[in-house]
Protein chains: 2
Amino acid sequence: MKPPSEKSAGRRKSRPSFEPLQPHEIELADFFVRMAGILGVPRSVAEIYALLYVSSGPLDFDHIQGRLGMSKGSVSQGLKFLRDHEMILSVKEKGARRERWQPTPSLAASLVALLRSQVLPALEQAQPGLQRVLADAQQRGAQPEVIERLSRLNRWNSRALELAPLLLPPPGA
Amino acid sequence: MKPPSEKSAGRRKSRPSFEPLQPHEIELADFFVRMAGILGVPRSVAEIYALLYVSSGPLDFDHIQGRLGMSKGSVSQGLKFLRDHEMILSVKEKGARRERWQPTPSLAASLVALLRSQVLPALEQAQPGLQRVLADAQQRGAQPEVIERLSRLNRWNSRALELAPLLLPPPGA
DNA sequence: GCCTAGGTTCAAAATTTATTGAAACATCAG
DNA sequence: CTGATGTTTCAATAAATTTTGAACCTAGGC
């Protein structure tokens, strides 16, 4: 209820008002959205990443929300996803309360981390089940053709699990 | 309305009645469903593939529908998808009307074809857009950091397009 | 402690995607 | 041609996923 004592001396508080995405920004966002779609990553996440990717400096929460015109919830969840997959970094300025975000230096590394997080758990979880399916088939005296298929599947799974830590190292390298 | 003249001499016509999936079949289906999910392939498609994969001989439309308990439409669309991506082969017996299906010999090749069909079009379609975004940034005198990022993205896209036909050859090899 | 800027959570709403089933189509035997 | 079998199409429905927004935390300044 109290009227603002200062007009707008530099720290605006009420209506930040961000401009909508420019055509070139939209184009890049479309690209990221499409690519993300292949991996099942939601549109909002791709949009956030794209915005950070074309922006010169790190952006804070409100900028992202404002420029993309998306809800707080989506921005929060999107940043969480990108953080969890090591696709963005926070740049905290000393004495400042807000965090500001920028893309991780290597997009390649980011993608690898992303794939890793999707494929690895599936492979690991499948391991015992696949072995059981093969054993079962052998026990039942299934056709050699089927046994062969299931064996190959098992070998693949094992090899993939062995190779994974080499191709997709967690922290060090 | 006419009563069956023959009891069940071998060709049953009214109630084929297929048995539901066995535990070991379900386990394998779960694996394929999970993996397919990563690539955005629908559950029903993965289930069909899994069933063909554990089955000894080729299966016809009705068997697939019956054992998976899914609708005609889903089976038809699923088979179309698998056909289009060269993941299954039809084995037509001479004189028989129905087609019978079995998985392509190489699952690896199938997966490659699948990836190809998802990623390549996206890369191709993105090419001009990405170039435009980069040109735009240069023209606007954007930060060197941003220019560098966009350049790298362009180089990647180009290289991926060059490599694609080598890694993922369409017919011959 | 108390207040507030900054951010998270999560159930409900909106949107997207997959599945169904009835009608249309195709192909072959007679 | 006719009738039956085998398959595809596609609008309607169901299911899964994403987005929203309001309530709820949390840390830091006073």
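Residues numbered from 1 in each chain as written. Chains lettered and ligands numbered in written order. Predicted model: local features only at pLDDT ≥ 70, side-chain atom pairs only at ≥ 80, totals over all residues. Heavy atoms only, no water.

Side note on the overall build of chain A
Logical step 1: Per the secondary structure count, chain A includes six helices and three strands.
Logical step 2: By the burial criterion, 38% of the 173 residues in chain A qualify as buried.
Logical step 3: Counting only carbon and sulfur atoms, one obtains 55% of the accessible surface of chain A, whose full area is about 10,800 Å². (Helix = DSSP H or I, 4+ residues; strand = E, 2+ residues; numbered from the N terminus. Buried < 20%, exposed > 50% of the residue type's maximum accessible area, 1.4 Å probe, protein only. Areas by Shrake-Rupley, 256 points an atom, 1.4 Å probe, with all protein chains shown as cover.)

Structural notes on the sheet that holds strand 1 (residues 59-60) of chain B
Residue and element names in this part refer to chain B.
Logical step 1: What the three strands build is an open sheet, ordered 1-3-2; its pairing is antiparallel. Looking at the sheet topology across the chains shown, the edges are occupied by strand 1 and strand 2 (88-91).
Logical step 2: Where strand 2 and strand 3 (residues 100-103) come together, four bridges link them in antiparallel fashion. What sits directly across from Val 91, in strand 3, is Arg 100. (Pairing = 2+ DSSP bridges.)

A few points about the relation of the copies chain B and chain A
Logical step 1: Turning chain B through 180 degrees and shifting it by 0.0 Å along the axis lays it on chain A, with an RMSD of 0.0 Å. Given the turn and translation reported, the copies of this chain are related as if by a two-fold rotation axis.
Logical step 2: Mapped onto chain A, 100% of the interface residues of chain B again fall at the interface, so both copies present the same surface. (Least-squares fit on C-alpha atoms with pLDDT ≥ 70 in both. Contact = heavy atoms within 4.5 Å.)

Examining the interface of chain B and chain A
Logical step 1: Each partner contributes to the interface: chain B provides 40 residues, whereas chain A provides 40 residues.
Logical step 2: Here chain B meets chain A over a buried area of about 3,400 Å², counting both sides, of which 65% is carbon and sulfur.
Logical step 3: For chain B, the biggest contributors to the area lost against chain A are Ile 38, Tyr 53 and Arg 149 of chain B; these three give 18% of the whole.
Logical step 4: Where chain B touches chain A, the interface holds two salt bridges.
Logical step 5: Across the pair Glu 27 of chain B and Arg 132 of chain A runs a salt bridge whose closest N-O atoms are separated by 2.7 Å.
Logical step 6: For the pair chain B and chain A, the number of links is 16 residue pairs in polar contact (both at pLDDT 80 or more).
Logical step 7: Elements with a minimum of two residues in the side of chain B that touches chain A: helix 1 (23-38), helix 2 (43-54), helix 5 (107-139) and helix 6 (144-167) of chain B.
Logical step 8: For the side of chain B that touches chain A, the leading source of residues is helix 5 of chain B, giving 14 residues.
Logical step 9: Looking at side-chain class alone, the side of chain B that touches chain A contains 24 nonpolar, eight polar and eight charged residues. (Buried area = accessible area lost by both parts, 1.4 Å probe. Salt bridge = Lys/Arg side-chain N within 4 Å of Asp/Glu carboxyl O. Polar contact = N/O pair within 3.5 Å; in protein donor to acceptor, adjacent residues only side chain to side chain. Nonpolar A, V, L, I, M, F, W, Y, C, P; charged D, E, K, R; others polar.)

Structural notes on unusual backbone geometry
Logical step 1: Unusually for a residue other than glycine, Glu 86 of chain A sits at a positive phi of about 55 degrees.
Logical step 2: Structurally, Glu 86 of chain A can be placed in the loop between helix 4 (72-84) and strand 2 (88-91).

Concerning the protein's contact with DNA strand C
Logical step 1: Around DNA strand C, the surrounding shell holds 20 residues, and the nearest of these are Lys 72, Ser 76 and Gln 77 of chain A together with Ser 44 and Ser 74 of chain B.
Logical step 2: Counting only atoms of DNA strand C within 4 Å of the protein, the sugar-phosphate share comes to 56%.
Logical step 3: Separating a phosphate oxygen of DNA strand C from a side-chain N or O atom of Ser 76 of chain A is a distance of 2.9 Å.
Logical step 4: At a separation of 3.2 Å, a phosphate oxygen of DNA strand C approaches a polar side-chain atom of Ser 71 of chain B. (Near = heavy atom within 4 Å.)

A short note on the pairing of strand 3 of chain B
Residues and elements named next belong to chain B.
Logical step 1: Of the two faces of strand 3, only the one carrying Trp 101 and Pro 103 is buried; Arg 100 and Gln 102 on the other face are not.
Logical step 2: Two strands pair when backbone bridges link them, and strand 1 and strand 3 are joined in this way by two bridges, in the antiparallel orientation. Across the sheet, Asp 60 pairs through a bridge with Arg 100, a residue of strand 3.

Here we look at the nonpolar core
Logical step 1: Within the largest apolar cluster, 45 residues are counted, with the highest numbers of intra-cluster contacts made by Leu 150 of chain A together with Phe 32 and Ile 64 of chain B.
Logical step 2: Looking at this core, the elements that each hand over two or more residues are helix 5 (107-139) and helix 6 (144-167) of chain A together with helix 1, helix 2, helix 3 (61-68), helix 4 (72-84) and helix 5 of chain B.
Logical step 3: Among the nonpolar cores identified, the runner-up in size contains 42 residues, and Ala 36, Tyr 49 and Ala 50 of chain A together with Ile 147 of chain B belong to it. (Core = buried A, V, L, I, M, F, W, Y, C linked by side-chain atoms within 4.5 Å.)

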